[in-house]
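Chain residues, written in single-letter form:
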Amino acid sequence: AVVPSSQAAQTFLAVLQRVEPVAERECRARTSNVNCDFKIVIDDRKNQPPNAFQTLDRSGRPIIAFTASLIADARNADEIAFIMSHEAAHHIENHIARQQQNAAAGAVLFTGLATLGGGGADAVKEAQRIGTVVGARTFSKDFELEADALGTVLTHKSGYDPVKGSQFFNRIPDPGNRFLGTHPPNAQRLQVVRQTAAKL
């Protein structure tokens, strides 16, 4: 059942008011020299699939974006709180910079291998491209599980139920355990949430 848009928007705003200060406080406590002033926005472009993501603006301010369809698809406030906390955790854990480092390391490694193998300029360039992709994806599943664990803590500290909030994993397609996939299996993610919540 899709929540009526007005009700969904009210729920989203209520969650934002509770989660954002907790995320910013935890960010300041767990990091140094990091911008912890989260900006949480709604991507209201039409026909966008349910999604949320974390990025940085040009000044390094962390942005958390929700598509309107994800907000409408959420079954309860706990789900919105868990997703918001998960995305905030990506920033607190410095995943964007760590992924860029992994991508650069992969590019250097694959370029070196292609050069040692006597590859021409095109082969070296292709090896660099592949290395960048492999490097970026190598630890992406670990990053998702880290964000699930810290997101569980943030959700709990915001006064929401992370186990209830993580139930949306049961409704999204399971990526399985594909080699170089970017997300771990849903069952593994639910297990991380339950194990983390049990310690809180």
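A few points on the structure. As the structure is a prediction and not an experimental result, all values here were calculated from the model.

## Quick word on the overall build of the protein chain
Per the secondary structure count, the protein chain includes eight helices and three strands. Reading the protein chain from its N terminus to its C terminus gives the helix and strand order α-β-β-β-α-α-α-α-α-α-α. Considering the protein chain as a whole, with its 200 residues, one finds that 43% of them fall into the buried category. Restricting to contacts in the protein chain with at least 6 residues of sequence separation, those with at least 24 account for 69%.

## Digging into the packing of aromatic side chains
The description of an aromatic ring pair uses the distance of the two centres, along with the angle that the planes make with each other. A full pass over the atoms with the stated rule returns four aromatic pairs. Within the aromatic cluster, the residues linked to one another by ring pairs are Phe82, Phe168 and Phe169. Directly above the aromatic system of Tyr160 lies the positively charged group of Arg18, at a separation of 4.1 Å from the ring centroid.

## Section: the packing of helix H6 (residues 140–157) against helix H8 (residues 186–198)
The interhelical angle for the contact between H6 and H8, taken along N-to-C directions, is 35 degrees, at an axis separation of 9 Å. As for how H6 packs across H8, the hand of that crossing is right-handed. Of H8, the residues touching H6 (which contributes Glu144, Leu145, Asp148, Ala149, Thr152 and Val153) are Gln188, Arg189, Val192, Val193, Thr196 and Ala197.

## Some thoughts on helix H3 (residues 77–92)
The first and last C-alpha atoms of H3 sit 22 Å apart over 16 residues, in line with the 22 Å expected at 1.5 Å per residue. Among the 16 residues that make up H3, 15 are buried, leaving the element largely enclosed by the rest of the structure. Capping of H3 at its N-terminal end is provided by Asn76; its side-chain oxygen lies 3.1 Å from the backbone amide nitrogen of Asp78. Asn94 lies just past H3 and shows a positive phi near 60 degrees.

## Let's talk about the sheet that holds strand S3 (residues 62–67)
Sheets are built from strands that pair by backbone hydrogen bonding, the pairs being arranged parallel or antiparallel. Ordered by their spatial adjacency, three strands build an open sheet running S1-S3-S2, and the pairing between neighbours is mixed. The strands lining the two open edges of the sheet, one partner per strand, are strand S1 (39–43) and strand S2 (52–56). When the angles between neighbouring strand axes are averaged without regard to direction, this sheet yields 25 degrees. Strand direction decides the pairing type here: S1 and S3, joined by five bridges, are parallel.

## Details of the nonpolar core
Formed by 34 residues in total, the largest nonpolar core has its most connected members in Phe12, Phe66, Ile80 and Met84. At the level of secondary structure, the elements contributing two or more residues to this core comprise helix H1 (5–30), S3, helix H2 (68–73), H3, H6 and H8. Sequence-distant contacts of Ile80, that is, excluding residues within four places in its chain, are made with Thr11, Phe12, Val15, Phe66, Ile71 and Ala74.

## Structural notes on the side chain of Thr31
Relative to the helices and strands, Thr31 resides in the loop between H1 and S1. Here Cys27 takes part through its backbone oxygen, which lies 2.5 Å from a polar atom of the side chain of Thr31.

## As for the pairing of S2
Relative to S3, S2 is paired through five bridges, and the arrangement is antiparallel. Looking across to S3, one finds that Ala52 is bridged to Phe66. In sequence, S2 turns back onto S3 through a hairpin of five residues, with Gly60 there showing a positive phi of about 90 degrees.

## Quick notes on H6
An ideal rise of 1.5 Å per residue puts 26 Å on 18 residues; H6 measures up with 25 Å between its terminal C-alpha atoms. Taking burial as the measure, the 18 residues of H6 include 13 buried ones, the bulk of the element. Gly159 occupies a position one or two residues after H6 and carries a positive phi of about 90 degrees.

Criteria and cut-off values
Residues numbered from 1 in each chain as written. Predicted model: local features only at pLDDT ≥ 70, side-chain atom pairs only at ≥ 80, totals over all residues. Heavy atoms only, no water. Helix = DSSP H or I, 4+ residues; strand = E, 2+ residues; numbered from the N terminus. Buried < 20%, exposed > 50% of the residue type's maximum accessible area, 1.4 Å probe, protein only. Contact = heavy atoms within 4.5 Å. Phe/Tyr/Trp six-rings, centres within 6.5 Å; stacked < 30°, edge-to-face > 60°. Lys NZ or Arg CZ within 6 Å of the ring centre and 35° of its normal. Axes fitted to C-alpha atoms, helices over the stretch in contact; angles between N-to-C directions. Left-handed = near helix turned anticlockwise from the far one by under 90°. Expected span 1.5 Å × (residues − 1). Polar contact = N/O pair within 3.5 Å; in protein donor to acceptor, adjacent residues only side chain to side chain. Pairing = 2+ DSSP bridges. Core = buried A, V, L, I, M, F, W, Y, C linked by side-chain atoms within 4.5 Å.

Interpretation in functional terms is not warranted from these geometric data alone.
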